[in-house]
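Structural overview for review
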Amino acid sequence: MNNPTEIELKLLIAPADIPGLLRHPLLKALCQPGPKTRKLTSIYFDTDDFVLRNQAIALRVRRSGRQWIQTIKGGGSVQAGLHQRDEWEAPVARDTPDFGKITDPSLTQLFATEDLRQRLHPVFVTEFKRTVWLLQTEAGDEVEMALDQGEIRAGQKIAAICEVELELKAGNPAALYELALALHQAAPLRAENASKAERGYALCAPRDEQLPLKATMPDVTREMTVDAAFRSIAWNCIAQLQHNQNRLLQGYDPELIHQMRVAVRRLRSALSLFATAAPGIKDAGLNEALHWLASQLGPARDWDVFLGAMLPPVVTALPAEEGLVWLQQKAEKVCLEKREQAYVVAAGARYSELILRLGAWLWRAPWRTTTVSAELDMPVSVFAAQMLDRRYRQTCRCGRHLKALTAEQRHALRIAAKKLRYAAEFFSGLYPGKLTRRYIQALSHLQDELGMLNDQVVAGRLLAQIVMEDRLHERASGVITGWYTCQTDHHLAVMAQAWKRFRRCEIFWINE
């Protein structure tokens, strides 16, 4: 039973775009023998309580022509649609598992018990037509491209399959993204993190609804170089972005937009941070594309905050103000428009292109070829201490004369504190947990207070965008502005306390 690591990029395609894909001259240029088509039927097995799924293992028996192939997949990772998984395959005699063909030690123990074997049964089936091209790039990369069209069936439930898989047979995974980008110009493709097995399980045993994904601590260890740490952090940011984008396409939630923007800011912050080691990391084209995405999601987030946090306290406290009801209705209409715009962007071809470009760039690592920097290969712990110290000093400079800061200067302090917090989170795995958590919590509290003051400024800008129809409506706008102006002194005082708490925190990267 062989055990190669499968590396493939999974992409969704709309049925209407398939003719454009098939006409792409790249397929003919890179695949001289031409494509081959076959029908594949796969039966997936598990227990009633999904023992295999709960251990991230998929067991299937697939028929291709007259032959049955048993496949077990497990472990691995998914990054921007790129699936890397362990895969064990062996021919079997019929459409049921043959446990004698399982020889890998990590699997034989799992499947050794007679109880598990007796409980395994078919849970869903995939049936699709697969058209395969064997491509070879000019650089010598070998890629199997498959177009799959069919369906997944679990009882009476059915889900369509219409996707492209680019599997790396030899070469650099960057080639998969680069091929996808070329094909994307003729037929829009979208990176997909869910495998057929995951989609099948979603039909027969839906999990609880996935929540918006907040930032998680990247896997950065002391054994890593600066270059390795950068890649780990960048993939971590992209994973947050992709998770929330995928959820957004299933249904709007204000927190999803917020977390997508957080992911973009974290990634841009990482590019800036690590460009100190290699200027090529701060790629101008990618930075521009990320700035575009943030600007497209920003209006929806601003109106979500206004409607969800800024307006309700005023309406509740002043129910007699008739203009507030009109203002709320007007704001809700504008908010719906901005939400729709954000959804269109998240579902659009330009977003998909950005994700594919990021994947190709991270795997190709052009910053290593355009510049030679010894810092890239130094231990990340040395670099982290230097960068944390630099961002700490920047934050302290922005916070001088705190009480006298203008709104613009407070905004600059907020940005500096945010960058310091991101850096602290990126490198948190290198330092003692308790000290680091306390420091990040203090920064978070400071950001919240600065954010509240910034929300007041943004609210004023949003109010100016609403056309006032008479004096009653103008009064409603004035009431909101006055309400938050009266609270400014309170928030400034709380901000000052948060600043003191932050400055008293022990600097956790000292003496490292």
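Structure first, text after, so check above.
Cut-offs applied
- Here the residue index of a chain counts from 1 through its sequence in written order.
- Only residues with pLDDT of at least 70 get local features here, since the model is predicted, and only at 80 or more are side-chain atom pairs given and counted; chain-wide, interface and lining totals rely on the full set of residues.
- With hydrogens and water excluded, all non-hydrogen atoms of the structure serve as input to the side-chain values.
- Each Phe, Tyr or Trp ring (for Trp, its six-membered ring) is paired with any other whose centre lies within 6.5 Å, and the angle between the two planes then decides the class: stacked below 30 degrees, edge-to-face above 60, tilted in between.
- Each helix is a run of DSSP H or I of at least 4 residues and each strand a run of E of at least 2, with the numbering of both proceeding from the N terminus.
- Two conditions define a charge located above a ring, namely a distance within 6 Å from the ring centre to NZ of Lys or CZ of Arg, and an angle within 35 degrees of the ring normal.
- A 3.5 Å cut-off defines polar contacts: any pair of N or O atoms within that distance qualifies, except that in protein one atom must be a possible hydrogen donor and the other a possible acceptor, and neighbouring residues in sequence count only when both atoms are side-chain atoms.
- Contacts were defined at the residue level, with two residues in contact if any of their heavy atoms lie within 4.5 Å.
- Here the nonpolar core consists of buried residues drawn from Ala, Val, Leu, Ile, Met, Phe, Trp, Tyr and Cys, with membership extended through side-chain atoms lying within 4.5 Å.
- Three exposure classes are used, based on accessible area relative to the maximum for each residue type with a 1.4 Å probe and protein chains only: buried under 20%, partly exposed in between, and exposed over 50%.

Moving on: the packing of aromatic side chains. Counted according to the given criterion, the structure contains 20 aromatic pairs. A centroid spacing of 4.6 Å and a plane angle of 20° characterise the contact between Tyr 44 and Phe 124, whose relative ring orientation is stacked. Of this pair, Tyr 44 sits in strand S2 (residues 36-46) while Phe 124 is found in strand S6 (residues 121-136), placing the two residues 80 residues apart along the sequence. In textbook terms, an aromatic cluster arises when at least three aromatic residues are bridged by ring pairs, as seen for Tyr 392, Tyr 431, Tyr 439, Trp 499, Phe 502, Phe 508 and Trp 509. Across from the ring centre of Tyr 431, 5.9 Å away, lies the NZ or CZ of Arg 222, which sits over that ring. The cationic tip of Arg 350 hangs over the ring face of Trp 292; the distance from NZ or CZ to the ring centre is 4.0 Å.

With respect to the secondary-structure elements, Asp 148 resides in strand S7 (residues 142-154). Side chain to side chain, Asp 148 and Arg 130 meet in a polar contact 2.8 Å long. In contact with Asp 148, not counting residues within four places along its chain, are Phe 128, Lys 129, Arg 130, Ile 161, Cys 162, Glu 163, Glu 165 and Lys 196.

Bringing the nonpolar core into the picture now. Counting 114 residues, the largest nonpolar core has Leu 166 and Phe 427 as the members making the most contacts within it. Examining the composition of this core, we find that 11 residues originate from one element, helix H9 (residues 254-274), more than from any other. If we ignore the near neighbours within four places in the chain, the residues touching Leu 166 are Ile 7, Glu 8, Leu 9, Leu 11, Val 143, Glu 144, Met 145, Leu 176, Leu 179 and Ala 180. Within the second largest apolar cluster, 34 residues are counted, among which are Phe 45, Leu 59, Val 61 and Ile 72.

A few words on the environment of Val 262. The topology assignment puts Val 262 in helix H9. Looking at Val 262, the relative accessible area reads 10%, which means it is buried. Residues Val 262 and Gln 156, 106 residues apart in the sequence, show an inter-C-alpha distance of 40 Å. Not counting chain neighbours up to four residues away, the residues in contact with Val 262 comprise Gln 240 and Tyr 422.

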